[in-house]
Amino acid sequence: MKLPQEYLNKMKNLLGRDYEAYLKSFDEERVCGLRANTLKISPEELKSLLNMPLKPVSWCDTGFYYPPSERPSKNPLYNAGLFYIQEPSAMSAAAMLPISENDRVLDLCAAPGGKSTQAAAKLKGTGVIISNDISAARCRPLVKNIELFGIKNAIVSNETPEHLSERFPSFFTKIIIDAPCSGEGMFRKDPEAVKSWQTHKTELCVSLQKDILKNAAKMLCKDGIMSYSTFTFAPEENEEMIKGFLELHPEFELLEVDKSKGFAEGIGLKECGRLYPHKIKGEGHFLALLHKKEGEPPLEPKTISTVPKKMLKDFYNFCENSLNTEIEGAFELHGTSLFRIPMGLDLSGLRLKRSGLYLGELKKNRFEPSQAFAMTLKPEEVKNKVTFPVGDPNIIKYLKGESFKTGGNDGWALVLIDRFPIGWGKIQNSRLKNKIISGWKYE
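In this text the structure is predicted, and so the values were computed from the model without any measurement. (Residues numbered from 1 in each chain as written. Predicted model: local features only at pLDDT ≥ 70, side-chain atom pairs only at ≥ 80, totals over all residues. Heavy atoms only, no water.)

Draft legend 1. Inspection of the nonpolar core at higher detail. If you look at the biggest cluster of nonpolar residues, it comprises 41 residues, and the most contacted ones within it are Leu-108, Phe-168, Ile-175, Ile-177, Met-226, Ile-242 and Leu-290. When contributions to this core are tallied by element, the ones reaching two or more residues are strand S6 (128–132), strand S8 (172–178), helix H10 (202–219), strand S9 (220–230), helix H11 (239–248), strand S10 (252–255), strand S13 (285–292) and strand S15 (337–341). Here this core gets six residues from one element, more than from any other, and that element is H10. Those residues within four positions of Met-226 in sequence are excluded, and the remaining contacts are Leu-97, Ile-175, Ile-177, Leu-213, Ala-216, Ala-217, Leu-220, Phe-245, Phe-252, Ala-288, Leu-289 and Leu-290. (Core = buried A, V, L, I, M, F, W, Y, C linked by side-chain atoms within 4.5 Å. Buried < 20%, exposed > 50% of the residue type's maximum accessible area, 1.4 Å probe, protein only. Helix = DSSP H or I, 4+ residues; strand = E, 2+ residues; numbered from the N terminus. Contact = heavy atoms within 4.5 Å.)

Dropping the structure here:
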């Protein structure tokens, strides 16, 4: 790969004696990674189910390396949301952020959803995660990945950091900032990143990063922690960015990134962490953890009044006839679309792609459940289900949108691979009418 001379001069000055080792890393085979969805499966069980050699990622206890010759996205278990395909270094920011149950998490630059799905798995269905991306187009895969993972407590917004900070001052306990950057750490993996660097150099990213950090600081409550990460080596976007932020925000302090996980020390700020492709199996990455030691405690949110039960008669009839579990919480109707809102948050005035768990559509005298709803359910929570073992040819038929003969009682049925849902079907006279939505079909 031909790298710009300006960049090479910069890296030689930055790396010193490690410069030649860095250049040699471009000749090495790139690494690939996937991460277990612990909302559904343990890493150990996933490893036993996937018929491929997997090796652990040191900085992410749910992450694995897999050989580039493998195609895990073609495995039907991917369609069951059991794992997320993610570059190994990209797993570090959410892995190193100490997210606990009942946290309020903001993923500020969230698309396509790697860090959001990772954070949501740590929440275990509690608290809330708001996954935001300023690009409406990038929000589409973000929504799909969140729904595929079976996440119940996520909101997907398409807002500016400034507008969010006006709505959520001192609200979040954890914030993830995967900042837009010059992308130098991705040069080995993606030649297009080199072209982008030549037109979107460091100086064009710095102002964006400053603005994002400034607004994130307003949204973090006292004792909250935020991770700031980039895929670049440029100190101006990394340590110098953090140093400038701390000078303007004395209420923050740096936390130590655990160097035993494979990180090198930051340049000038040893608490930060750097992943170098010539030292680890992964691409270049930077990470800083910022603790807000002073400020307001978590502010109580504004909440909505839930939709009256009488308006949800058909939904409750569906639950009574089809489920063995109660669906509780605050509900909101957008036209005929029914959502369950995490924490009952008042989200009025925000540009939203998903205001919570999309449950389905209230049609005339009936309720039609959504694909997203199906992915959140467990086999014991439904009355009628059709289960296929791994490898059954009917799985591919279902994922392609085909209908076919099957057992089971008439009515709505959850379709599963073993115990893992992949969508709905409707059975009539021993024939399964396929209800998988078009954007989820197997290709």
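Draft legend 2. Representation of the sheet that holds strand S23 (residues 431–434). Overall, mixed pairing links the five strands, which are arranged S19-S21-S22-S23-S20 in an open sheet. Bordering the open sheet on either side are strand S19 (385–388) and strand S20 (404–405), each of which pairs with just one other strand. With four bridges connecting them, strand S22 (residues 420–428) and S23 associate as antiparallel partners. Bridge pairing links Gly-425 to Asn-434 in S23. (Pairing = 2+ DSSP bridges.)

Draft legend 3. Representation of unusual backbone geometry. The residue after Ala-111, namely Pro-112, is reached through a cis peptide bond having omega 5°. The topology assignment puts Pro-112 in the loop between strand S5 (104–107) and helix H6 (114–123). Located in the positive-phi region is Ser-170, a residue other than glycine, with phi close to 50°. Even without a glycine there, the phi angle at Asn-429 is positive, about 55°. Residue placement: Asn-429 occurs in the loop between S22 and S23. A relative accessible area of 66% means that Asn-429 is categorised as exposed.

Draft legend 4. A look at helix H7 (residues 136–148). The end-to-end C-alpha distance of H7 is 19 Å, a good match for the 18 Å that 13 residues give at a rise of 1.5 Å each. Immediately beyond the C-terminal end of H7, within one or two residues, lies Gly-150, with a positive phi of roughly 75°. (Expected span 1.5 Å × (residues − 1).)

Draft legend 5. Local environment of the packing of aromatic side chains. Summed over the entire model, instances satisfying the criterion amount to 25 aromatic pairs. A centroid spacing of 6.3 Å and a plane angle of 80° characterise the contact between Tyr-84 and Phe-149, whose relative ring orientation is edge-to-face. Linking Tyr-84 in strand S4 (residues 83–85) with Phe-149 in the loop between H7 and strand S7 (154–157), this pair joins segments that are 65 residues apart in sequence. In this pair, the class of Tyr-84 matches that of Phe-149, namely buried. (Phe/Tyr/Trp six-rings, centres within 6.5 Å; stacked < 30°, edge-to-face > 60°.)

Draft legend 6. Quick peek at the side chain of Thr-202. Tracing the backbone through its elements, the reader meets Thr-202 in helix H10. What makes Thr-202 buried here is its relative accessible area of 7%. Among the polar contacts made by the side chain of Thr-202, one reaches the side chain of Glu-237 at a distance of 2.9 Å. (Polar contact = N/O pair within 3.5 Å; in protein donor to acceptor, adjacent residues only side chain to side chain.)

Draft legend 7. Expanded view of the side chain of Arg-274. Turning to its location among the elements, Arg-274 is positioned in strand S12 (residues 273–275). Judged by relative accessible area, which is 1%, Arg-274 ranks as buried. A distance of 2.7 Å separates a polar atom in the side chain of Arg-274 from a polar atom in the side chain of Glu-239.

Draft legend 8. Quick look at H10. In a regular helix each residue adds 1.5 Å, so 18 residues correspond to 26 Å; H10 covers 26 Å between its end C-alpha atoms and thus fits that length. If you check which residues of H10 are buried, you get Thr-202, Cys-205, Val-206, Gln-209, Ile-212, Leu-213, Asn-215, Ala-216, Ala-217 and Met-219.

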